[in-house]
Amino acid sequence: MYILVVNAGSSSLKYQLFDMEGEKLLAKGNADRIGIDGVLEHQVIGKEKTATPTPFPTHADAIKKVLETLVDKEAGCIESIDMIGAVGHRVVHGGPWLTKPTLVTEQSKADLRKCLTIAPLHTKGHLEGIQGCEEVMPTVPQVLVIDTAFHSTMPAKAYTYPIAYEVAEKYNIRRYGFHGTSHRYVSAIANEYLGKEDSKIVTCHIGNGSSISAVRGGKCMDTSMGFTPLDGIIMGSRCGAIDPAIVPYIMEAENIPANEMGNWMNKKCGLLGVSGVSSDMRNLRKAQAEGNERANLASDILTYEIKKFIGSYAAAMNGLDCLVFTAGIGENDARVRSEVCADMEFLGVKMDEDKNLNYRDLPVPADVSAADSKVKILVIATNEELVIARDTAEVVEGLNK
Ligand code: AMP
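Procedures and definitions
Residues numbered from 1 in each chain as written. Predicted model: local features only at pLDDT ≥ 70, side-chain atom pairs only at ≥ 80, totals over all residues. Heavy atoms only, no water. Near = heavy atom within 4 Å. Polar contact = N/O pair within 3.5 Å; in protein donor to acceptor, adjacent residues only side chain to side chain. Helix = DSSP H or I, 4+ residues; strand = E, 2+ residues; numbered from the N terminus. Nonpolar A, V, L, I, M, F, W, Y, C, P; charged D, E, K, R; others polar. Buried < 20%, exposed > 50% of the residue type's maximum accessible area, 1.4 Å probe, protein only. Contact = heavy atoms within 4.5 Å. Phe/Tyr/Trp six-rings, centres within 6.5 Å; stacked < 30°, edge-to-face > 60°. Lys NZ or Arg CZ within 6 Å of the ring centre and 35° of its normal. Arc of directions from axis to C-beta. Axes fitted to C-alpha atoms, helices over the stretch in contact; angles between N-to-C directions. Parallel < 35°, antiparallel > 145°, perpendicular 65-115°, else oblique. Left-handed = near helix turned anticlockwise from the far one by under 90°.

Peer 1: What exactly am I supposed to notice about the site of the ligand here?
Peer 2: Taken together, Gly207, Asn208, Asp280, Met281, Arg282, Ala327, Gly328, Ile329, Asn332 and Asp333 form the complete shell of residues around the ligand. Asn208 is positioned with one of its backbone polar atoms (N or O) 2.9 Å from an oxygen atom of the ligand. In this structure, Met281 approaches the ligand through a main-chain N or O atom, which is 3.0 Å from an oxygen atom. Mapped onto the shell around the ligand, the elements with two or more residues apiece are α10 (281-289) and α12 (327-332). A breakdown of the residues in the shell around the ligand according to their chemical character gives three nonpolar, four polar and three charged.

Here it is, written out as structure tokens:
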């Protein structure tokens, strides 16, 4: 079966086409600037990437163009649209209503619409992407694969915020957690590597957005992101968890309205805000090499906060078998991994620095722990799209049984 994985945002629609026989990625791209002017970035795997100005007023127009391109004799990779057996949608927030991969039906769309109050921008994009697919490929089953779903196993003491209970209930305020598809994928690989029933794993998804999860026996017990992806550790331009009293204090002092304050916490803080240089780790490293003290501070905060989460999750799980690093920084920045794992022998964490630097030469999953480390340290490339394609195939195959 061929599966199209769609990640629809408010003005973009990223896609990947998989042949599930052999789980082969055939093509990928991004219909960007929907409703503005429109650019279609497209690549058949193994060929050159192209970027073509293409007007798409709506998400349906974008999907139409993507499908045309996929079957195009020159630019495409399949003969007919009918070869696509299903579409899997990445959904950022399922709220308390959507907690597992779910077929798109009137009921599941109604559940997704409820999420508009909690995550308006992402959910609006998802709904438009789904509607676009329905218009263009009305008979093809669609599946929602939800980022918050993996975290739905957290116990109440981990997901309940200590605020007035009735208010939390009224507005569905609780820790949901994000990057669930990634945490699930890498923790499953780590579990298999450990070959242990009741494994205690901390997964560190460190990228532009970052989150850390405690995974015990394959189930999520706790995670650093919360009601929104703003909670947790310092990120590219997000502040992560801060003293909540800082927020009304700045709003009053600077006369900033709520929506602007949200934007400030999401876009102007984090590595960017502290360093004054960039939200991008590679630029931060360059600035550090030039002796920029604030870039050093931003990098130090990042590793210190990751370390604190690892310690607290090890305490929460009564032990630690494995640490996993994944995503843009977790996979590519050996220095972050090294600094996080330094001085953690008390916890049984000991890194092989040479392996850490040359982890790409190691068999997959790359084990960069020292021979005498009690805790395994793994570097695993995440692949959220593949998990979405697998989940979609499973739901659709279930329909035919
Ligand atoms: P992601 O959100 O997972 O795509 O991760 C993006 C982050 O990964 C950005 O901060 C990038 O600077 C960082 N990143 C990507 N490649 C590297 C690299 N080779 N070294 C350091 N950071 C990297």
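Right, picking up where we left off after that structure.
Peer 1: Before we go on, may I ask you to explain the environment of Asp391 in this structure?
Peer 2: Relative to the helices and strands, Asp391 resides in helix α15 (residues 384-399). On the basis of relative accessibility, which here comes to 8%, the residue Asp391 falls in the buried class. Other than its neighbours up to four places away in sequence, Asp391 contacts Pro101, Val145 and Arg184.

Peer 1: Please clarify how the packing of aromatic side chains should be interpreted in this entry.
Peer 2: Centre distance and the angle of the planes are the two values used to describe a pair of aromatic rings. Enumeration over the complete set of coordinates arrives at two aromatic pairs. Directly above the aromatic system of Tyr159 lies the positively charged group of Arg174, at a separation of 3.8 Å from the ring centroid. The ring centre of Tyr359 lies 4.6 Å from the NZ or CZ of Arg337, which sits over that ring.

Peer 1: Would you mind showing me how to read α10 here?
Peer 2: By the burial criterion, the buried members of α10 are Met281, Leu284, Arg285, Ala287 and Gln288. Seen end-on, α10 carries its buried residues on one side only, within an arc spanning 160°. Relative to its buried face, α10 has exposed residues pointing more than 90 degrees away, namely Arg282, Lys286 and Ala289. Buried residues belonging to α10 abut α9 (270-275), α11 (293-317), α12 and α13 (334-341). Of the residues flanking the start of α10, the one acting as N-cap is Asp280, its side-chain oxygen 2.9 Å from the backbone nitrogen of Arg282. Directly beyond the C-terminal end of α10, a positive phi value near 85° is found at Gly291.

Peer 1: Is there a simple way to explain the packing of α11 against α13 in this structure?
Peer 2: For any two helices packed against each other, one specifies the crossing angle of their axes together with the interaxial distance. It is at 9 Å that the axes of α11 and α13 come closest, and there the two elements cross at 50°. Taken together, the axis directions place α11 and α13 in an arrangement best described as oblique. Handedness of the crossing formed by α11 with α13: right-handed. Touching Ser299, Asp300, Leu302, Thr303, Ile306, Lys307 and Ile310 of α11 are Val336, Glu339 and Val340, all from α13. In terms of residue class, the contact of α11 with α13 is made up of five nonpolar, two polar and three charged.

Peer 1: Help me out: how do you make sense of the environment of Ala371 in this one?
Peer 2: Note that Ala371 resides in the loop between β13 (366-367) and β14 (376-379). The spacing of Ala371 and Lys49 is 322 residues in sequence and 42 Å in space, taken between C-alpha atoms.

Peer 1: Any chance you could explain the side chain of Glu384 here in plain terms?
Peer 2: Its place among the elements puts Glu384 in helix α15. Setting aside chain neighbours within four positions, we find Glu384 in contact with Arg90, Asp147, Thr181, Ser182 and His205.

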